[in-house]
Amino acid sequence: MFVRPDFNPVAFSIGPLAVHWYGLMYLLSFLIGWGLGIVRTRQPHVHWHREEVGDLLFYVVLGVVFGGRLGYVLLYQPDWFFHHPLQIFAVWDGGMSFHGGLIGVFIAAAWFARKSGRSFFQITDFVAPIVPIGLFFGRIANFINGELIGRVTDVPWAMVYPHVGPEPRHPSELYEATLEGLVLFAILWFYAAKPRPRAAVSGLFLIGYGCFRFFCEFFRQPDAFAGFVAFGWMTLGQVYSAPMVVVGVGILIWAYTRRDPNRASTA
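Predicted, not measured: the structure shown is a model, and the values here were computed from it. (Residues numbered from 1 in each chain as written. Predicted model: local features only at pLDDT ≥ 70, side-chain atom pairs only at ≥ 80, totals over all residues. Heavy atoms only, no water.)

**Re the overall build of the protein**
And then number 1: Of the regular secondary structure elements, the protein holds 9 helices and 5 strands.
And then number 2: The secondary structure elements of the protein, listed N-terminal to C-terminal, are β-β-β-α-α-α-α-α-α-β-β-α-α-α.
And then number 3: Whereas a compact globule of 267 residues would reach a radius of gyration of roughly 18 Å, the protein reaches 19 Å, a difference of no more than 12%.
And then number 4: Projected onto its principal axes, the C-alpha positions of the protein cover 60 × 50 × 40 Å.
And then number 5: Here the protein holds 267 residues, and 51% of them are scored as buried.
And then number 6: Put simply, the protein shows about 13,500 Å² of open surface, and 71% of that area lies on carbon and sulfur atoms. (Helix = DSSP H or I, 4+ residues; strand = E, 2+ residues; numbered from the N terminus. Rg over C-alpha atoms; globule rule 2.2 N^0.38 Å. Buried < 20%, exposed > 50% of the residue type's maximum accessible area, 1.4 Å probe, protein only. Areas by Shrake-Rupley, 256 points an atom, 1.4 Å probe, with all protein chains shown as cover.)

Okay, structure coming up:
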C-alpha cells in the first residue's frame, strides 16, 4: 500500500504570482503537442506545413480551455455554478471536462477549416494522435491536485489519500493517465503513421478514448454531487463516453466504405 504525497498545488511563485501545477501541466502539454505537430508534418502522407501548426494550436488551445471549463460547468455542476458564478473562473482549482473540451476542439476545428480551406476531418485527423499527450498531463495534474480519486480497494498497489481518509483506493488518475494518455497515444501514432481513409483516425480516437474512459470509470469514485446516474452503476463519465464509441464506430465504418477515389487521408 502506498500513500499519495502531499503535493503543494502551487508549483512555484514569482513575487505575488503563484504558478499552479494545473496550469503548468497544461502549458507543458501544449508545448509538447506543438512539437509533435511539427513531427507530423514531416510524414510523407501528411500534407501540412509546419507554419500551420502554430495557427491550429492557437485555436485548439482556446477550444480546450473554454470548452473544457464550460463543459464542466454545464455538464457536471450547473446548479452549483449558477449560485457561485465567480467560481467559473477559478480554473486553478481544477474542474475541466474532457467532453466539453472535445466539443470546444470540434468548434475550433470547424472554425479553422473555414479559415484555412481544409476539410473538418483533415484537421481532426491531424490533431487526434496528438491529443492523448494532453490527456496524460491533465490526469497527472488531477493526481497532483488529489482530485478524481479512485474507489476503495485492497489491491497491492492501492494508495491512501490522506486528505480524503485512511481507506486505500485505486489511483484512478494514474490509470487514466496510462490508458487515455500513453496507450491511446501509442495506438493512434502508430495507426496514423501510414495513409488512412479520411476520418478514420478521428473515428479511432473516439472509440479508443470512449472505451478507455468507460473502463477506468469502474475504478474511479463517482462524483459526489452525482453518484451513479443510470442502472445503479453508470457514472456521468460513462454516460458521456458511451456515445463516443458508437459515433466513432460509425465514422470508422463510413471512412472505409464510402465510395470516394480520393478518400485516402492527407491529414
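So much for the structure itself; the text now carries on.
**Comments concerning the sheet that holds strand S1 (residues 2-3)**
And then number 1: On the basis of which strands lie adjacent, the open sheet formed by 3 strands has the order S1-S4-S5 and mixed pairing. Since the sheet does not close on itself, it has two edges, and those belong to S1 and strand S5 (168-169), each with one partner.
And then number 2: Note: strand S4 (residues 159-160) against S5, 2 bridges, orientation antiparallel. From the neighbouring strand, Met159 faces S5, where its bridge partner is Arg169. (Pairing = 2+ DSSP bridges.)

**Let's talk about unusual backbone geometry**
Note: most peptide bonds trans; most residues except glycine with negative phi.
And then number 1: We note that Leu148 has phi near 60°; this positive angle belongs to a residue other than glycine.
And then number 2: Along the chain, Leu148 turns up in the loop between helix H6 (131-145) and S4.
And then number 3: Owing to a relative accessible area of 24%, Leu148 belongs among the partly exposed residues under this scheme.
And then number 4: For Ala199, which is not glycine, the phi dihedral falls at a positive 85°.
And then number 5: Within the fold, Ala199 resides in the loop between helix H7 (172-191) and helix H8 (200-216).

**Focus: H7**
And then number 1: Counted at 1.5 Å a residue, the expected span for H7 with its 20 residues is 28 Å, and the 27 Å between its end C-alpha atoms agrees.
And then number 2: Its maximal kink placed at Leu184, H7 deviates by approximately 30°.
And then number 3: Those residues of H7 lying buried are Ser172, Glu173, Tyr175, Glu176, Ala177, Glu180, Gly181, Leu184, Phe185, Leu188 and Tyr191. (Expected span 1.5 Å × (residues − 1). Bend = angle between axes of the 7 residues up to and from the residue.)

**Some points on the pairing of strand S3 (residues 17-20)**
And then number 1: The pairing of strand S2 (residues 10-14) with S3 spans 4 bridges and is antiparallel. The residue of S3 that forms the bridge with Phe12 is Val19.
And then number 2: Linking S2 to S3, which pair antiparallel, is a turn of 2 residues; within it Gly15 sits at a positive phi near 65°.

**Quick notes on the pattern of salt bridges**
And then number 1: Going through the model one piece at a time under the given rule, you end up with 7 salt bridges.
And then number 2: The partner of Glu176 in a salt bridge is Arg220, with the nearest N and O atoms 3.2 Å apart. Taken as a pair, Glu176 in helix H7 and Arg220 in the loop between H8 and helix H9 (236-257) lie far apart in primary sequence, 44 residues in all.
And then number 3: Residue classification places Arg220 among the buried residues on the basis of a relative accessible area of 5%.
And then number 4: Where Glu217 meets Arg220, a salt bridge forms, and the shortest distance between an N and an O atom there is 3.4 Å. (Salt bridge = Lys/Arg side-chain N within 4 Å of Asp/Glu carboxyl O.)

**Observations regarding the packing of aromatic side chains**
Two aromatic rings are characterised by how far apart their centres lie and by the angle between their planes.
And then number 1: Taken as a whole and judged by the stated rule, the model has 19 aromatic pairs.
And then number 2: Arranged with centres 4.4 Å apart and planes meeting at 15°, the rings of Trp48 and Phe126 form a pair that is stacked. Remark: Phe126 occurs in helix H5 (residues 120-127) and Trp48 occurs in the loop between helix H1 (21-41) and helix H2 (50-75); sequence separation between them is 78 residues.
And then number 3: Since its relative accessible area comes to 4%, Trp48 is described here as buried.
And then number 4: Judged by relative accessible area, which is 1%, Phe126 ranks as buried.
And then number 5: Through a chain of ring-to-ring contacts, the aromatic side chains of Trp48, Phe58, Tyr59, Phe112 and Phe126 assemble into a single cluster.
And then number 6: For the cation-ring pair, Arg196 lies above Tyr191, with the distance from its terminal atom to the ring centre recorded as 4.3 Å.
And then number 7: Lying across the ring of Trp254, Arg258 places its NZ or CZ 4.5 Å from the centre. (Phe/Tyr/Trp six-rings, centres within 6.5 Å; stacked < 30°, edge-to-face > 60°. Lys NZ or Arg CZ within 6 Å of the ring centre and 35° of its normal.)

**Some points on the nonpolar core**
And then number 1: Ranked by internal contacts, the top residues of the largest apolar core, which has 30 residues, are Trp48, Leu56, Ile123 and Phe126.
And then number 2: Setting aside anything within four residues of it in sequence, one finds Ile123 in contact with Trp48, Leu56, Ala109, Phe112, Ala113, Ser116 and Arg118. (Core = buried A, V, L, I, M, F, W, Y, C linked by side-chain atoms within 4.5 Å. Contact = heavy atoms within 4.5 Å.)

**Side note on the packing of helix H4 (residues 98-116) against H9**
And then number 1: Two elements in contact, H4 and H9, have axes whose closest approach is 10 Å; the angle formed by their N-to-C orientations is 35°. Facing H4, whose interface residues are Phe98, His99 and Leu102, H9 presents Gly237, Tyr240, Ser241 and Met244.
And then number 2: Classifying every residue of the contact of H4 with H9 gives 4 nonpolar, 3 polar and no charged. (Axes fitted to C-alpha atoms, helices over the stretch in contact; angles between N-to-C directions. Nonpolar A, V, L, I, M, F, W, Y, C, P; charged D, E, K, R; others polar.)

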